[in-house]
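# Examination of the molecular architecture
Spelled out, the chains give:
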Amino acid sequence: CESGRLKKVRDLGAYEMVQQILLVEADTKKRISSVVIMGIGEPLDNYDNVMKAIRLINDPKGLNIGARHISISTSGLVPKIYKLADENIQCTLSISLHSASDEKRSAMMPVNNIYNIEELMRKAYNIAIDKELVWVLSAFTSDEDLEKIQKEITKLEKELKNKKNELAEAKRKKKATIDYVQEI
């Protein structure tokens, strides 16, 4: 996005992210029920502060907003996506694609030179077993790109469904084995 051309000044602290929500609630006199963490800068580059903020936002003694109502938007930093997968937080992960063409995406989003579309999509689906995954496309995405992206997403969703079924079967077998051992 265009904000990617701006120079980074600093990261927001966790308290500043939470404070933004509180200020909006005070200004509108309405309770905020869902949050999207995005904006100028890459949220996953500010990983520790983002995780602290999410925990404060989600905590019953904090803002008490359900984890499934919290979304993190990313350009696709694969190692941080894996790190997020290990967190015990059921937030939504929104990944900005903007194009099905690596050439076009690299021109708009230099991160694509490091983590191309296929690698990003495959790795994202590997972690999507416990998290909701949303693909974000720009308003400038061509019909051709939309069709190509949809085909790849459909293919990966089938693979993910098979993987989820395999995991469920493995868990069922493990539980059956544990139950059998406990009965003896």
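Residues numbered from 1 in each chain as written. Predicted model: local features only at pLDDT ≥ 70, side-chain atom pairs only at ≥ 80, totals over all residues. Heavy atoms only, no water.

## A look at the overall build of the chain
Along the chain, the regular secondary structure elements total 6 helices and 4 strands. Written out in order from the N terminus, the α and β elements of the chain read α-β-α-β-α-β-α-α-β-α. When the 184 residues of the chain are sorted by exposure, 39% land in the buried category. For the chain, restricting intrachain contacts to residue pairs at least 6 apart in sequence, the fraction spanning at least 24 positions comes to 63%. Accessible surface, the chain: about 12,000 Å² in total, of which carbon and sulfur atoms supply 54%. (Helix = DSSP H or I, 4+ residues; strand = E, 2+ residues; numbered from the N terminus. Buried < 20%, exposed > 50% of the residue type's maximum accessible area, 1.4 Å probe, protein only. Contact = heavy atoms within 4.5 Å. Areas by Shrake-Rupley, 256 points an atom, 1.4 Å probe, with all protein chains shown as cover.)

## Things to note about the side chain of Ser106
Within the element layout of this structure, Ser106 appears in helix 4 (residues 102-108). Among the polar contacts listed, one links the side chain of Ser106 to the side chain of Asn112, at a separation of 2.9 Å. Polar side-chain contacts of Ser106 include one of 3.0 Å to the side chain of Asn113. Those residues within four positions of Ser106 in sequence are excluded, and the remaining contacts are Asn112 and Asn113. (Polar contact = N/O pair within 3.5 Å; in protein donor to acceptor, adjacent residues only side chain to side chain.)

## A closer look at the side chain of Glu42
Along the chain, Glu42 turns up in the loop between strand 1 (35-37) and helix 2 (47-58). One buried charged side chain, Glu42, makes no salt bridge at all; its nearest oppositely charged neighbour is Arg105, positioned 7.9 Å away. Reaching out from Glu42, the side chain makes a polar contact with the side chain of Thr74 at a distance of 2.7 Å. Of the polar contacts made by the side chain of Glu42, one reaches the side chain of Ser75; its length is 2.8 Å. (Lys, Arg positive; Asp, Glu negative; His and termini not counted. Salt bridge = Lys/Arg side-chain N within 4 Å of Asp/Glu carboxyl O.)

## Topic: the nonpolar core
Formed by 40 residues in total, the largest nonpolar core has its most connected members in Met51, Ile54, Ile57 and Ile72. Elements represented by at least two residues in this core include exactly helix 1 (14-28), strand 1, helix 2, strand 2 (70-74), helix 3 (78-85), strand 3 (92-96), helix 5 (117-127) and helix 6 (143-183). (Core = buried A, V, L, I, M, F, W, Y, C linked by side-chain atoms within 4.5 Å.)

## Concerning the pairing of strand 2
Strand 2 sits mainly inside the fold: 5 of its 5 residues count as buried. With burial as the criterion, each face of strand 2 is covered, one bearing Ile70, Ile72 and Thr74 and the other bearing Ser71 and Ser73. Pairing geometry for strand 1 and strand 2, over 3 bridges, is parallel. Counterpart to Val35 in the pairing with strand 2 is Ile70. Running through helix 2, the crossover from strand 1 to the neighbouring parallel element strand 2 is right-handed. (Pairing = 2+ DSSP bridges. Right-handed = clockwise from strand over helix to strand, strands pointing away.)

## Structural notes on the pairing of strand 3
Judged by how many residues are buried, strand 3 sits mostly within the fold: 5 of 5 residues are covered. Here strand 3 shows a buried face lined by Thr92, Ser94 and Ser96 and a second buried face lined by Leu93 and Ile95. Note: strand 2 against strand 3, 4 bridges, orientation parallel. Its bridge partner being in strand 3, Ser71 is matched across the sheet by Thr92. Crossover handedness for the path strand 2 to helix 3 to strand 3: right-handed.

## With respect to the environment of Ala124
On the secondary structure map, Ala124 appears in helix 5. Residue classification places Ala124 among the buried residues on the basis of a relative accessible area of 0%. Placed 47 residues apart in sequence, Ala124 and Leu77 show a C-alpha to C-alpha distance of 9.9 Å.

## Some remarks on the pattern of salt bridges
With the rule as written, the count across this model stands at 2 salt bridges. In this structure, Glu16 and Arg10 form a salt bridge, with 2.6 Å as the shortest nitrogen-oxygen distance. You can call Glu16 buried: its relative accessible area is 13%. The shortest N-O distance in the salt bridge between Glu87 and Arg55 comes to 2.3 Å. Of this pair, Glu87 sits in the loop between helix 3 and strand 3 while Arg55 sits in helix 2, and the two are 32 residues apart along the sequence. By relative accessible area, which is 17% here, Glu87 ends up buried. In this structure Arg55 comes out as partly exposed when scored by relative accessible area, which is 41%.

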